[in-house]
Amino acid sequence: MEYSNLQRQAASLKKSLFDQGYLDEQFCQIEYLQDEASPNFTEEVVSLFFENSTRLMTNIEQAMEKNPRDFSRWDVNMQQLKGSCSSIGASRMKNECTSFRNICGDENAEGCMRSFQNLKREHGVLRQKLESYFQVLRQAGPAVTAARPRGM
Amino acid sequence: MAGAAAERKVIRVLLVEDEEIHRVLARALLRSAVGGVELDEAGTGAEAVRRVRDGGAGAYDLIITDGKMPVMDGHEIRAMGVTTPIVGLSSDTLPPDVDTFIKAGADDFTPKPLSKEKLVRILAKFNLA
């Protein structure tokens, strides 16, 4: 009984991630790649994403501090982060990256600062939600299959 | 090129990408989604050119490359004399971004992230499926 509850909890957590726009279809594509040979593939890729995105965001923050108004440099760094976000379907983060780059194109430094703060917030929230999801998945065991939540 | 691949029965693809997460996904995609494909990887355009030259004529059936990378961009690979079909891969998908790849000599473009559907389309386009 407890096992089924955990499965339902995992499914519910995942559905909310989609419903609230944190994740898109790409996340399901990653889950579909998980198999017996790579049973933790999704979590490994997400872990890699957060290592990568943390590093990229540190680079961006340093670039904004040390190279004020170097919009070209900021944009190049943000392009990398956007690509990384798209790889796991981190939809809200990806959209904020796009927003930042548009503001960068307008050479609006203050706007970029605000956008970057939004991005940091989204990053933190996504990390927390995915950590919760994977924690429940681990407890639920391997029977929870990869699929887009119903109704999405 | 397609004839050589058919005789070998294995398609050799070179992925040029500096970010590990994209390489990890491509490996998994090619392993699960498409059979008979061997994947090599290069982290820069310069390394890609070196691998192509070291491998000799027909070393790869296809190169899938990111745009901006350290040392040498993917846009510069064709200019270094590589004749293998090249597909540009980027999260920047506006027409000017795609044009940059095509004008640099890429044969096609696909937006990041790679997916099974995109890979199948690309391989079919170059008669590699």
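All values derive from a computational prediction rather than experimental measurement.

Would you explain the overall build of chain B in this entry?
Scanning chain B for helices and strands turns up five helices and five strands. Written out in order from the N terminus, the α and β elements of chain B read α-β-α-β-α-β-β-α-β-α. Summed over all atoms, the accessible surface of chain B reaches about 5800 Å², with 53% contributed by carbon and sulfur.

Please explain the state of the cysteines as it appears in this structure.
Here, the word disulfide means a covalent bond between the sulfur atoms of two cysteines. Residue and element names in this part refer to chain A. Under the counting rule described, the total for this entry stands at zero disulfides over all chains. Its sulfur unpaired, Cys-85 is 4.1 Å from the next cysteine sulfur, which belongs to Cys-97. The thiol of Cys-112 is not disulfide-bonded; the next cysteine sulfur, from Cys-104, is found 4.1 Å away. By relative accessible area, which is 0% here, Cys-112 ends up buried.

Is there a simple way to explain the packing of helix α2 (residues 25–32) of chain A against helix α3 (residues 41–66) of chain A in this structure?
Each pair of packed helices can be described by the angle between their axes along with the distance between the axes. Residues and elements named next belong to chain A. The N-to-C vectors of α2 and α3 enclose an angle of 130°; their axes lie 8 Å apart at closest approach. By the angle class used here, α2 and α3 are oblique. In this structure, α2 meets α3 at a crossing whose hand is right-handed. Counted together, Phe-27, Ile-30 and Glu-31 of α2 and Phe-41, Thr-42, Val-45 and Val-46 of α3 form the full contact between these two elements. In terms of residue class, the contact of α2 with α3 is made up of five nonpolar, one polar and one charged.

So what exactly am I meant to see when it comes to the packing of aromatic side chains here?
Working definition: an aromatic ring pair is given by the centre-to-centre distance plus the angle between the planes. Here the structure, examined in full by the defined rule, presents five aromatic pairs over all chains. A ring pair is formed by Tyr-133 of chain A and Phe-134 of chain A, whose centres lie 5.3 Å apart and whose planes are at 55°; its orientation type is tilted. Ring centres 5.6 Å apart and planes at 50° place the aromatic pair Phe-101 of chain B and Phe-109 of chain B in the tilted group. For the pair formed by Phe-101 of chain B and Phe-109 of chain B, the shared burial category is buried.

Even after reading the chapter, I still don't get the pairing of strand β1 (residues 11–16) of chain B, so can you show me in this structure?
In the case of a regular strand, side chains alternate between the two sheet surfaces. Residue and element names in this part refer to chain B. Counting buried positions over the six residues of β1 gives five, a clear majority of the element. Sheet analysis places β1 next to strand β3 (residues 62–66), joined by four bridges and oriented parallel. Along β3, the bridge assignment pairs Leu-15 with Ile-64.

About the criteria used
Residues numbered from 1 in each chain as written. Chains lettered and ligands numbered in written order. Predicted model: local features only at pLDDT ≥ 70, side-chain atom pairs only at ≥ 80, totals over all residues. Heavy atoms only, no water. Helix = DSSP H or I, 4+ residues; strand = E, 2+ residues; numbered from the N terminus. Areas by Shrake-Rupley, 256 points an atom, 1.4 Å probe, with all protein chains shown as cover. Disulfide = S-S within 2.5 Å. Buried < 20%, exposed > 50% of the residue type's maximum accessible area, 1.4 Å probe, protein only. Axes fitted to C-alpha atoms, helices over the stretch in contact; angles between N-to-C directions. Parallel < 35°, antiparallel > 145°, perpendicular 65-115°, else oblique. Left-handed = near helix turned anticlockwise from the far one by under 90°. Contact = heavy atoms within 4.5 Å. Nonpolar A, V, L, I, M, F, W, Y, C, P; charged D, E, K, R; others polar. Phe/Tyr/Trp six-rings, centres within 6.5 Å; stacked < 30°, edge-to-face > 60°. Pairing = 2+ DSSP bridges.

That is the geometry; function is a separate question.
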